[in-house]
Amino acid sequence: VVLYTITGGLFSVAYTDVIQSGMSITGILLFVIYVMSTEESVASPSSVGFPDYIYPDNIGDNGACEMWNGTHCAFDNAQCCYNTANNVVTDNGAYPIGDKKVFDGQMTDPHALSPLPNAIVFNWATIFVLAFGNLGALDFQARNMAARSSKHATIANIVAGCLTFLVGVPCAYLGSLL
């Protein structure tokens, strides 16, 4: 690779990257299309609930109420509610009222994610790496420095960002299927 780069220069690397990127993007998109067309659409199981959660079905329907061992609601005997006697860990109540904090203070309390020691460091390190991880990438800097003008570098970076988004969305959808 080093000899190839020395003899061909940055242009040979850039042309090779274009060919490899085109093949990668084509392969990823074809794989996403294949999985989307052959994968069965399966709904996720219903929420386990939380105190005062009302299940969408009734007792005896062989649905979520029986799955999570629901009980008659205190305020309406005809409906099925979360059974607090089960001591089931709740799933943070994403349905129907939105997310609740599962680990309160995980960005400020070093013991919030016990038994992980000092998890706050891991959380902030992850945010730092995701936010600033590629700023020092020499391959991007070399390509920007080799551009004909700052206008060409700007346009190339905008196109690259759009392509990243267009490839990232199908891959994220693929992750939700598998």
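Just so it is clear, the structure is predicted and the values come from calculations on it, not from any experiment. (Residues numbered from 1 in each chain as written. Predicted model: local features only at pLDDT ≥ 70, side-chain atom pairs only at ≥ 80, totals over all residues. Heavy atoms only, no water.)

Remarks on the overall build of the protein chain
Thought 1: Regarding its fold elements, the protein chain presents five helices and two strands.
Thought 2: In the protein chain, the succession of α and β elements from N to C terminus is α-α-β-β-α-α-α.
Thought 3: By the burial criterion, 17% of the 178 residues in the protein chain qualify as buried.
Thought 4: Nonlocal contacts in the protein chain, meaning residues at least 24 apart in sequence, comprise 38% of its contacts between residues at least 6 apart.
Thought 5: Put simply, the protein chain shows about 13,300 Å² of open surface, and 66% of that area lies on carbon and sulfur atoms. (Helix = DSSP H or I, 4+ residues; strand = E, 2+ residues; numbered from the N terminus. Buried < 20%, exposed > 50% of the residue type's maximum accessible area, 1.4 Å probe, protein only. Contact = heavy atoms within 4.5 Å. Areas by Shrake-Rupley, 256 points an atom, 1.4 Å probe, with all protein chains shown as cover.)

Focus on the environment of Phe11
Thought 1: Mapped onto the elements of the fold, Phe11 is located in helix α1 (residues 2–38).
Thought 2: Owing to a relative accessible area of 59%, Phe11 belongs among the exposed residues under this scheme.
Thought 3: Linking Phe11 and Ala146, residues 135 residues apart in sequence, is a C-alpha distance of 9.0 Å.

Quick word on a nonpolar patch on the surface
Thought 1: On the surface, a nonpolar cluster with roughly 580 Å² of combined accessible area is contributed by Ile155, Val159, Leu163, Phe165, Leu166 and Val169.
Thought 2: You can see Leu166 is positioned in helix α5 (residues 150–177).
Thought 3: With relative accessibility at 55%, the residue Leu166 sits in the exposed group. (Patch = residues over 30% accessible without salt bridge, like charges linked within 9 Å, V, L, I, M, F, W, Y side chains within 5 Å. Salt bridge = Lys/Arg side-chain N within 4 Å of Asp/Glu carboxyl O.)

Some points on the layout of surface pockets
Thought 1: Of the pockets and cavities examined, the largest pocket occupies roughly 1,200 Å³.
Thought 2: Ala14, Val18, Arg143, Ala156 and Ala160 are the residues nearest the centre of the largest pocket, which is lined by 29 residues in total.
Thought 3: Counting residues per element, the ones that place at least two in the lining of the largest pocket are α1, α4 (138–145) and α5.
Thought 4: For the lining of the largest pocket, the per-class residue count stands at 16 nonpolar, nine polar and four charged. (1 Å grid on protein atoms, 1.4 Å probe; cavity = no way out; pocket = protein on both sides within 12 Å on 5 of 7 lines; lining within 4 Å. Points joined across faces, edges and corners; volume = space filled by probe spheres on them. Nonpolar A, V, L, I, M, F, W, Y, C, P; charged D, E, K, R; others polar.)

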